[in-house]
Amino acid sequence: MVIIDGKELASKIKVEIAKEVDLLKAEGHKVPHLAAILVGDNAASQSYVKSKVKFCDDVGFESTLIKKDESITEEELLDLVKDLNEDDTVDGYIVQLPLPRHIDPEKINLAIDPQKDVDGFHPTNFGRMALGLPSYLPATPQGILVMLERYNISTSGKKCVVVGRSNIVGMPMSILLSQKREIGNCTVTIVHSRTKDVEQEIKNADIVIAAIGRANYITADMVKPGAVVIDVGINRIEDPTKKRGYRLVGDVDYANVSKVASFITPVPGGVGPMTVTSLIMNTLKAAKKEIYK
Ligand code: L34
């Protein structure tokens, strides 16, 4: 069994991106600039955004963190988005999710300039992705593709089961893995709340992508021996023995599934760091105008 070390891979790619930034500077270009809007005081969001800003620092990007109180109105947030669309010094930006209940995330998403949408969430980018046109790929699915690629895991012709159908992970992941691309050509099944025999579907898979948000949901008896298991879940479980009062577990029962899988991602230190890496990769593409000329 091989542990897919997302943290280590992220550090490796960090060095590669830092070199590209040096090259850009040597050619007289400005460094890439990522902005992030963070609304409210959700502890997990704060920690995720903090790692995004730190990654920018580490590779020599400029970053701007815009923190807003959770009382911000939808209109004010839309104004902020408009400002970032018009700010020529910003190459790409994100609005960290989730947003407070009084703000419609769809409305905010639609207001983002697709050319600066380094999350790849805007319908223009999602549509371009689905059509196989150049686009920013959503960070988590792209991070997973990079993991599979860098660990030389062949996907062509493999049966892949994606558990969960969210707009930001399950749905785009299933599209990408079924496409005719280097890491793709899978026969993909999406498993969701209305699936008849969830366990059998998962058991058929050569590659399992778990993105449901339920702690330890995938158990060893559901996994085909030798399968590749990618765990997207980040669930907080109360744990008084920990300083923070909780520990993180994935959607996969790691202790037991790791005994049957050929490759597996841990939580933490698996997909999470690759999500951050992938956002930074997209920001570099934005600065270099690789997707939109
Ligand atoms: N707009 N909202 C927007 N874009 C995103 O791409 C995200 N996401 C998801 C939540 N909301 C978003 C993230 O940034 C999830 N996510 C994310 C980012 C980083 C990590 C996990 C999720 C991460 O670094 N996880 C660490 C553990 C961090 C901790 O200790 O809490 C890990 O090793 O898995």
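None of the values given here were measured: they were computed from a predicted structure. (Residues numbered from 1 in each chain as written. Predicted model: local features only at pLDDT ≥ 70, side-chain atom pairs only at ≥ 80, totals over all residues. Heavy atoms only, no water.)

Participant: Mind showing me how you'd approach the site of the ligand here?
Facilitator: Lining the immediate surroundings of the ligand are 17 residues, of which Lys52, Val95, Leu97, Asp119 and Gly269 lie closest. Contacts to the ligand include leucine 97, whose backbone N or O atom sits 3.0 Å from a nitrogen atom. Burial of the ligand by the surrounding chains reaches 84%, relative to a free accessible area of 680 Å². Only α2 (43-59) and α10 (271-287) provide two or more residues apiece to the shell around the ligand. The greatest single-element share of the shell around the ligand, amounting to four residues, is contributed by α10. (Near = heavy atom within 4 Å. Polar contact = N/O pair within 3.5 Å; in protein donor to acceptor, adjacent residues only side chain to side chain. Areas by Shrake-Rupley, 256 points an atom, 1.4 Å probe, with all protein chains shown as cover. Helix = DSSP H or I, 4+ residues; strand = E, 2+ residues; numbered from the N terminus.)

Participant: Just to check I follow, could you spell out the packing of aromatic side chains for this structure?
Facilitator: The description of two aromatic rings rests on the distance between their centres and on the angle between their planes. Scanning the model with the defined rule gives one aromatic pair in all. Aromatic side chains tyrosine 136 and tyrosine 292 sit 6.0 Å apart centroid to centroid with 50 degrees between the ring planes, which places their arrangement in the tilted category. Residue tyrosine 136 is located in the loop between α5 (123-131) and α6 (139-150), and its partner tyrosine 292 is located in the segment after α10; the two are separated by 156 residues in the primary sequence. Here tyrosine 136 falls in the buried class, since its relative accessible area comes to 2%. (Phe/Tyr/Trp six-rings, centres within 6.5 Å; stacked < 30°, edge-to-face > 60°. Buried < 20%, exposed > 50% of the residue type's maximum accessible area, 1.4 Å probe, protein only.)

Participant: How do you make sense of the sheet that holds strand β4 (residues 92-95) when you look at a structure like this?
Facilitator: Strand order across the open sheet formed by three strands is β3-β2-β4, with parallel pairing between neighbours. The open sheet terminates on both sides in strands that have one partner only, identified here as β3 (62-68) and β4. Strand-to-strand twist across the sheet, computed as the mean angle between neighbouring axes with direction ignored, equals 15 degrees. Here strand β2 (residues 33-39) pairs with β4 via four bridges, running parallel. The residue of β4 that forms the bridge with leucine 34 is glycine 92. Packing against the sheet, helix α3 (residues 74-86) makes contact with β2, β3 and β4, and its axis sits at approximately 180 degrees to β2. (Pairing = 2+ DSSP bridges. Axes fitted to C-alpha atoms, helices over the stretch in contact; angles between N-to-C directions. Contact = heavy atoms within 4.5 Å.)

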